[in-house]
Every structure is written in structure tokens, then in C-alpha cells.
Amino acid sequence: MSIQIITADITGLRVDAIVNAANSTLLGGGGVDGAIHRAAGPRLLEACRAIAEVRPGVRCPTGEARITPGFDLEACYVIHTVGPVWHGGHHGEPSQLASCYRETMRLAREHELASIAFPAISCGVYGYPPEQAAPVALASLRESLVTTGNVRVLLCCFSDAMAAVYQAALSAAG
Ligand code: APR
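Model, not experiment: these values are computed from the prediction. (Residues numbered from 1 in each chain as written. Predicted model: local features only at pLDDT ≥ 70, side-chain atom pairs only at ≥ 80, totals over all residues. Heavy atoms only, no water.)

A.B. asks: Would you mind going over the sheet that holds strand β5 (residues 115-118) with me for this structure?
C.D. replies: The pairing of strands in a sheet comes from backbone hydrogen bonds and takes either a parallel or an antiparallel form. Within the open sheet, the six strands sit side by side as β1-β6-β5-β2-β4-β3. Their pairing is mixed. Taken across any chain shown, the strands that pair with only one partner, and hence form the sheet edges, are β1 (2-7) and β3 (65-69). Averaged over all adjacent pairs, the angle separating strand axes in this sheet is 25 degrees, with direction ignored. With two bridges joining them, strand β2 (residues 17-21) and β5 adopt parallel strand pairing. Bridge pairing in β5 links Ile18 to Ala117. Docked against the sheet, helix α2 (residues 42-49) engages β3 and β4 (77-81), running at close to 135 degrees with respect to β3. (Pairing = 2+ DSSP bridges. Helix = DSSP H or I, 4+ residues; strand = E, 2+ residues; numbered from the N terminus. Axes fitted to C-alpha atoms, helices over the stretch in contact; angles between N-to-C directions. Contact = heavy atoms within 4.5 Å.)

A.B. asks: Teacher, can you tell me more about helix α5 (residues 160-173) here?
C.D. replies: Counted at 1.5 Å a residue, the expected span for α5 with its 14 residues is 20 Å, and the 20 Å between its end C-alpha atoms agrees. The set of residues buried in α5 consists of Met162, Ala163, Val165, Tyr166, Ala169 and Leu170. The buried residues of α5 all sit within an arc of 160 degrees when viewed along its axis, so they share a single face. Residues of α5 that are exposed and angled more than 90 degrees away from the buried face: Asp160, Ala161, Ser171 and Ala172. Residues of α5 that are buried sit in contact with β1, α3 (93-110), α4 (130-148) and β6 (152-157). Just past α5, the residue Gly174 takes up positive phi, approximately 80 degrees. (Expected span 1.5 Å × (residues − 1). Buried < 20%, exposed > 50% of the residue type's maximum accessible area, 1.4 Å probe, protein only. Arc of directions from axis to C-beta.)

A.B. asks: Explain the layout of surface pockets to me, please; I cannot follow it from the model alone.
C.D. replies: In this approach a probe as big as a water molecule rolls over the atoms, and the regions it shows empty are the leftover space. One number sums up the size of the largest pocket: a volume of about 580 Å³. If you go around the largest pocket, you meet 25 residues; those closest to its centre are Ala21, Gly31, Val32, Ala120 and Gly124. Among the elements of the structure, α1 (31-40) and β6 are those that each provide at least two residues to the lining of the largest pocket. If you tally residues by element for the lining of the largest pocket, the top one is α1, at four residues. Looking at the lining of the largest pocket residue by residue, the classes come out as 16 nonpolar, seven polar and two charged. (1 Å grid on protein atoms, 1.4 Å probe; cavity = no way out; pocket = protein on both sides within 12 Å on 5 of 7 lines; lining within 4 Å. Points joined across faces, edges and corners; volume = space filled by probe spheres on them. Nonpolar A, V, L, I, M, F, W, Y, C, P; charged D, E, K, R; others polar.)

This is the structure in C-alpha cells:
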């Protein structure tokens, strides 16, 4: 089990899977979602459209995860997960965020992935304060890694400032 904090553009990482901070339609968006779709090419959107809706307009509910090929990306797979929108922290956001990491790691285990890179889920447009998201992410990953075994996990931040927040949380977790 290893968790490493890096600062990079997730779309260029040579890992088995990169994680997309998507929305529940899985039809793309801005932020890392937009970057991943641009880098993966149009086949990614086609693959997402083929994912069954669980209710009208929803292919992936908040806290769940879906896997597709990575197409033109370096990564073989994209695991799409939908983080919570921050509403102050008393509307189930921490458990929903923890579920994103848990469900993503479950798919990684099922697909026998050896390496996976996460962005800072919900810490952009969805407004989750990074100082509150980081401990939740790390606790959920540590819990998953107990059963997932030998997976290399990268937390891929898009700025050194964000990486410092996650590194501080990793160090605090001991
Ligand atoms: N590589 C790594 N991290 C990135 C990249 C990239 N290329 N681009 C953005 N990020 C970072 C952001 O800086 C932020 O720290 O990913 C983190 C998550 O931010 P968002 O992409 O805004 O994701 P989120 O906050 O979960 O909001 C999801 O935004 O793009 C839409 O369709 C998406 O509706 C969904 C919402």
C-alpha cells in the first residue's frame, strides 16, 4: 500500500487508471472532467453515453463510480466518480466523498489495477474545502487499501498549494 501526493496534470499520467471528478450525467463538463474528455478523445463520451441511466439524466449518482476505457489517454481506464457539492458539511458531504474513494477503489480491485491516480475530488467547482476533503479522502483510501492490497495510489493535485494541503493531511494521519 502506498499513497503519494504529486502535482501534475492527471491526463498525462502513466497509470492503470485515472479518476475523473465527473457529474452525474457522465457527459463531461469543465475542470478535470473537461481535461480528461479532451485528452481521451470523443470515444470517451460515446462510452459514457452507453452507461445505463439509473434514473433520467443520471448515469452515476453521487458517491458511486463507473469505469470506462481510457482511449487516447496514457491510462488504460478512467474511473468516473461524482463527488458531493459542498453545502456546509452537514448534508452528508463527508460520507459521500468517502464513498467516492471507496467505490473507486472497489472497481480498481475488481479490475486488478496496480496503479490509480485521483484528482482532488469536489475541491473545485463543487466547493469542498480542501482542508476538510483531504482527511476524508486519506481515511477512506487507507481503509480501502487494507482490502485492496498492493495498489499504488497517486493523489494528483493541480497546484503545489493543493498538494501541500494533502501532504499535511497525509503526515497528520501518521
Ligand atoms: N489534472 C489534475 N487535477 C485537475 C486538472 C487536471 N488536468 N484540472 C483540474 N484539476 C483539479 C482542480 O484544480 C480541483 O482541485 O481537480 C480538482 C477538482 O475540481 P473540478 O474539476 O472542478 O471537480 P469538482 O470540484 O469535483 O466538480 C465537479 O465540475 O467539471 C465539472 O463536470 C464536472 O460538474 C462536475 C464538477
